[in-house]
Amino acid sequence: MGDVLAGIHATWEFDTDSVLIRFERGIRTPKLFQSLRERRIPYAALSSVTLTPGKRGTVVLRAVPRAGADPLVEAASGQLKEGCDPYRLVLPAEREVLAEYYADELRALLDPASDEPADRFLVAAPEAPMNFKAYDGRAGFDGERVSFRWSWTGASSAKWKAGDQTFKVSELAGIVWRSPEALDGYLRLLPRAAAPVDHRTGGSLGDLHGPGGPGGSGSADGASADGGPVAAPVTRAADQDPAAVLFGLGYGPVHESLPFAAAVLESVRRTQPAPAASAPALVNAGRRDPADIAERIHHLGELHQAGLVTDAEYTAKKAQLLAEL
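Here the structure is a predicted model, which means the values were calculated and not measured. Throughout, a residue's number is its position along its own chain's written sequence, starting from 1. A pLDDT threshold of at least 70 governs which residues receive local features in this predicted model, and a stricter bar of 80 or more applies before side-chain atom pairs are shown or counted, although totals over entire chains, interfaces and linings include all residues. With hydrogens and water excluded, all non-hydrogen atoms of the structure serve as input to the side-chain values.

Glancing now at the overall build of the protein. If you tally the helices and strands in the protein, you get seven helices and 14 strands. In the protein, which comprises 325 residues, the proportion classed as buried is 49%. In what follows, a contact means two residues having at least one pair of non-hydrogen atoms within 4.5 Å. Restricting the contact set of the protein to residue pairs at least 6 apart, pairs at least 24 apart contribute 62%. Every accessible area reported is derived by Shrake-Rupley at a probe size of 1.4 Å, with residue values counting cover from the shown protein chains alone. Carbon and sulfur atoms make up 52% of the accessible area of the protein, which amounts to about 16,000 Å² in all. Only runs of H or I of at least four residues qualify as helices and only runs of E of at least two qualify as strands under DSSP, and these elements are numbered from the N terminus. Accessible area is worked out with a 1.4 Å probe on protein chains only. A residue is then buried under 20% of its type maximum, exposed over 50%, and partly exposed in between.

Dropping the structure here:
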């Protein structure tokens, strides 16, 4: 589209095949956004677009990612607070008409298979090297290996006996991230012998927490994606497991540990055997419905009359829409 939509804490720049989300770095901006800085989201990674009323005179434009398309979303497994959702753009209520226009434009660009899980990650993960300080140690990731270095004060005797740990990404099946904002948060690595990876979603099998809850000793059984044998259960509590680091107040904060988890998960997925390739879907193949084009031009004219679109923008966008007939 070539347009820019500025909101609170972020700006969306629309390109022909993706939207570039640039996050502000102000004092009021969530730390996760500041850590991410910017993210390019291919339209093929989106499943839907919504526009809803927000709080205190705002509206919220949200691009909903497809299951399995974004390693950050897969690692978070629904644990992010609403205000830290990187797919939400909050706008003043007086810009609702403009937001509605962009919502319609985005919907028209969605992949025909947008309602299906992605068979691979379509959004880039944060880049390594990365590290953060957990409650019982320090975690590091260089792109190929994850290392845990235990602290003198926080690590359990079981972890000290096991010694510092290094895990090759190629030896892992996935990860489980339990938010530090929840009780007993942790990051657990799942060795290949201990858990399967769900190739349908590219996920970390976040439901492997088991009935014992986060950090507990519940079973982590789960079936493999191809219906293979059930994985071995995870029987250790996170504070006793050398493949896990614990979070605590001020240790392993979301803006450090979640991008770390996403980067590891993306690298793990890259080492997995790829599922059988299928013919690529064509986005917006063929010509657009003339009635749809007429409606969009009419909507564009309303924005122009309201002063929300400049003369140049109106002329360029109208020509672009007419070219699609």
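Glancing now at the sheet that holds strand S4 (residues 38–42). Strand order in the open sheet formed by four strands is S1-S2-S3-S4, and the pairing between neighbours is antiparallel. Lying at the two open borders of the sheet, with one neighbouring strand each, are strand S1 (4–6) and S4. Pairwise comparison of adjacent strand axes, ignoring direction, gives a mean angle of 15° for this sheet. Here, strands pair whenever DSSP counts at least two bridges between them. Note: strand S3 (residues 18–23) against S4, five bridges, orientation antiparallel. Residue pairing in the sheet places Ile-21 in a bridge with Arg-39 of S4. Note on method: axes are straight lines fitted to C-alpha atoms, helices fitted across the in-contact stretch only, with angles between N-to-C directions ranging 0 to 180 degrees.

For the rest of this paragraph, the subject is the nonpolar core. Note on terminology: a nonpolar core comprises buried Ala, Val, Leu, Ile, Met, Phe, Trp, Tyr and Cys residues joined through side-chain atoms within 4.5 Å. Within the largest apolar cluster, 71 residues are counted, with the highest numbers of intra-cluster contacts made by Trp-12, Ile-175, Trp-177, Leu-187, Leu-189, Phe-260 and Val-264. For this core, the element with the most residues is helix H5 (residues 254–271), which contributes nine residues. The contact partners of Leu-189, leaving out residues within four places of it in the chain, are Val-146, Phe-148, Phe-167, Leu-172, Gly-174, Ile-175, Ala-243 and Val-264. Residues Val-176, Leu-190, Ala-238 and Leu-246 belong to the second largest nonpolar core, which totals six residues.

What follows covers the packing of aromatic side chains. Note on aromatic pairs: the rings of Phe, Tyr and Trp (six-membered ring only in Trp) are paired at centre separations within 6.5 Å, and the planes decide the class, stacked below 30 degrees, edge-to-face beyond 60, tilted for the rest. Evaluation of the coordinates by the stated rule reveals 11 aromatic pairs. Ring geometry for Trp-152 against Trp-160: centres 4.9 Å apart, planes inclined by 35°, an arrangement best described as tilted. Its relative accessible area of 34% is what places Trp-160 among the partly exposed residues. In this structure an aromatic cluster arises from ring pairing among Trp-12, Phe-14, Tyr-101 and Tyr-102.

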